[in-house]
Amino acid sequence: MSDREPKETTTHEGGTSESSPAVPPSTVTPAGTADEAGEAVPSKRRGGRKPEGSRLYKDPRSGNWLWRRRDPRTRRRKLRSTGTPHHDIAVRIAAEYEREFELEIGGVRTYDRHKIALLPLVKLWIASLDCGEITKKTLEMQVLRALALLGIATAADLEDLSRLTDRLLKLERQAGSSEGFGRATLIRGFQKPLRQFVKWLASNRRHLPSNSLAEWALLSTSSRARAATTTRRRAKRRAVEADEMAEALAAADVLDRWNERAHPTRVVFLTLLITGARVGALTEADVSALDEKKQRIDLGSGCPRKPRGEAALDDATLGELLAYVKQRKSGPLLRSSKGERLDPHNLRGVWRETFGLGLVRLLWPTGEPRDDETMILVRRSLASGRIHIGEGGNPHKLIKTTRDARATRVAEIERIVVAIGDEWRRRMPGVDIHSLRTTHQSWAESAGVHPLLIDKQLGHVTPGGGAALEAARSLLVSGTGRRHYVDMSLQMISAHASANAVRRILDDAIKTGRRAARRNTPNRRKKT
């Protein structure tokens with residue numbers, strides 16, 4: 001008898017083969033069952049099945065789990081990959097496959113998420129949105145950019161959330177680099193628009209049976225998570241001072257003349273200040289929105305979370321708007337220099353240039369002769385960090401008299417830049433086009449206007465303001481309110497008080513600025 005233990009002989013369809021030594025029945029671990037540690041053990045066959053009844057098989061080439069099911073009608077086998085080696089995730093995906101398979105057998109419409117192209121659906125989603133045109137354009141740009149940069153072509157690309165997150169993080173701007181996006185931009189400009197888009201695709205099972213991005217966690221914004229990245233920190237927004245606003249409006253007149261604009265920008269900034277409206281809402285308004293009888297601009301209701309406010313006007317601002325509109329009956333209320341509808345993005349740059357020139361006018365050194373050209377050159381020099389004199393040509397081919405005149409001009413601009421540069425750079429940060437809305441609120445509060453009226457004018461949704469406004473409305477419709485408080489309440493809920501208070505502050509600052517300008521040196525040059 002041999003020292004080796006006898007081998008068992010297992011009979012297969014193709015013949016017999018030798019197997020391992022016999023093992024007692026109590027120690028055998030059947031294929032597809034759990035071992036002592038509770039881990040699932042796949043069978044020795046290629047692509048062993050998991051025991052949970054999920055019809056999952058391991059792909060030996062990729063390591064991913066495959067779902068397999070035989071169609072009882074055609075007797076053909078359906079095979080779909082879950083795209084993941086993690087069993088827990090594969091079981092959830094396989095459950096969706098099972099559900100779709102049962103619906104298909106029952107004659108119910110099914111969805112092939114792996115083949116749905118997302119790019120053509122973006123237009124349909126944008127058309128279904130109930131918001132302004134500017135918001136629609138922004139969302140469309142963000143979603144199209146996200147689909148392109150993240151490599152998302154079909155609905156199947158939305159399934160692997162970990163891969164989406166990895167691709168998103170590759171777009172993040174690293175420390176010491178100027179390329180890429182900040183962490184906040186990745187969240188607001190990529191993740192949130194994509195989740196909003198996919199939620200619409202899955203709503204009412206319109207195009208997808210489920211929202212595959214519902215569990216896509218937003219990137220962390222903690223300081224530790226952003227330690228290796230650099231983000232552009234925007235200066236905290238501040239309100240514009242009254243004297244700054246008066247000079248900014250005067251600077252708008254200067255730039256309108258200098259650039260020969262057919263349609264002035266002064267009335268645009270004035271309207272933004274008095275109404276406190278959001279830029280997008282005001283640029284979308286047409287001429288028909290100007291209600292002369294009610295002295296307001298009808299901006300519409302807007303979104304529930306962002307009402308567009310009352311946009312009440314004082315008498316002086318209403319008169320300027322009527323003179324600006326003239327006999328027009330249609331088209332945009334506020335127009336660009338070319339007569340087209342204003343672009344909010346372009347308007348931000350125009351306001352920054354206008355406010356910068358206004359600060360130059362306000363900070364102009366006493367005794368220095370001032371004219372439009374010099375002030376514009378000083379602003380350009382401050383904004384760019386180098387001296388501008390607005391002359392071209394080859395300086396080596398100029399006569400001595402011209403070179404001396406240019407040198408004198410450069411010295412003059414440099415002297416003024418040095419005198420006001422520090423204060424100009426201190427005041428410029430934090431003032432953007434939205435600051436006019438902040439300015440309205442700040443000025444109205446300083447004038448003692450009730451917060452309820454400011455909220456109504458600006459369209460703020462605050463617990464205090466909203467509750468107070470509803471209380472005032474309920475008071476007016478009650479018998480006691482009509483008998484005792486109707487006059488006071490009518491005055492209280494009128495948003496015109498906020499517009500009138502802001503206009504008074506502005507007019508006082510304009511008068512003060514004009515008196516100060518008379519004491520200064522008269523203009524030396526004017527553009528011809």
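(A) Region of the structure containing the overall build of the protein chain. Scanning the protein chain for helices and strands turns up 18 helices and 9 strands. Look at the contacts in the protein chain between residues 6 or more apart in sequence, and 62% of them connect residues 24 or more apart. When the accessible surface of the protein chain is split by element, carbon and sulfur atoms take 50% of a total near 30800 Å².

(B) Focus on the sheet that holds strand β3 (residues 56-58). Taken in spatial order, the 3 strands make up an open sheet running β3-β4-β5, and their pairing is antiparallel. What marks the edges here is a single partner per strand, and that holds for β3 and β5 (77-81). Adjacent strand axes in the sheet meet at a mean angle of 35° when their direction is disregarded. Relative to β5, strand β4 (residues 65-70) runs antiparallel, the two being bridged by 5 bridges. Considered in β5, the bridge of Arg69 is made with Lys78. Across the sheet, helix α1 (residues 87-105) lies against β3, β4 and β5, angled at about 25° from β4, the strand it touches most.

(C) Representation of the environment of Thr374 within the structure. Assignment of secondary structure puts Thr374 in helix α11 (residues 372-384). Overall, Thr374 belongs to the buried group, its relative accessible area being 0%. Expressed as a C-alpha distance, the spacing of Thr374 and Glu412, which sit 38 residues apart in the sequence, is 9.0 Å.

(D) How the structure looks around the packing of helix α3 (residues 133-149) against helix α5 (residues 183-202). Contact pair α3 / α5: the axes reach a minimum separation of 9 Å and the direction vectors enclose 100°. Taken as axis vectors, α3 and α5 run roughly perpendicular relative to one another. Residues Leu139, Gln142, Val143, Arg145, Ala146, Leu147 and Leu149 of α3 lie in contact with α5, whose contacting residues are Arg188, Gly189, Phe190, Pro193, Leu194, Gln196 and Phe197. Among the residues forming the contact of α3 with α5, the class breakdown is 9 nonpolar, 3 polar and 2 charged.

Procedures and definitions
- Numbers given for residues are sequential positions, taken from 1 along each chain in its written order.
- A pLDDT threshold of at least 70 governs which residues receive local features in this predicted model, and a stricter bar of 80 or more applies before side-chain atom pairs are shown or counted, although totals over entire chains, interfaces and linings include all residues.
- Side-chain calculation: all heavy atoms of the structure are included, whereas hydrogens and water are not.
- Helix and strand definitions follow DSSP, with helices as H or I runs of at least four residues and strands as E runs of at least two, each counted in order from the N terminus.
- In what follows, residue pairs with any heavy atoms lying within 4.5 Å of each other are defined as contacts.
- Method for areas: the Shrake-Rupley scheme with a 1.4 Å probe, in which residue coverage is limited to the protein chains shown.
- By definition, two strands form a pair when at least two bridges between them are found by DSSP.
- To get an axis, fit a line to the C-alpha atoms, keeping to the stretch in contact for a helix; angles then go from 0 to 180 degrees between the N-to-C directions.
- Here the term buried applies to any residue with accessible area under 20% of the maximum for its type, exposed to any over 50%, and partly exposed to those in between, with areas from a 1.4 Å probe on protein chains only.
- Note on angle classes: values under 35 degrees are labelled roughly parallel, values over 145 roughly antiparallel, values of 65 to 115 roughly perpendicular, and the remainder oblique.
- Three residue categories are used. Nonpolar comprises Ala, Val, Leu, Ile, Met, Phe, Trp, Tyr, Cys and Pro, charged comprises Asp, Glu, Lys and Arg, and polar comprises the others, including Gly.

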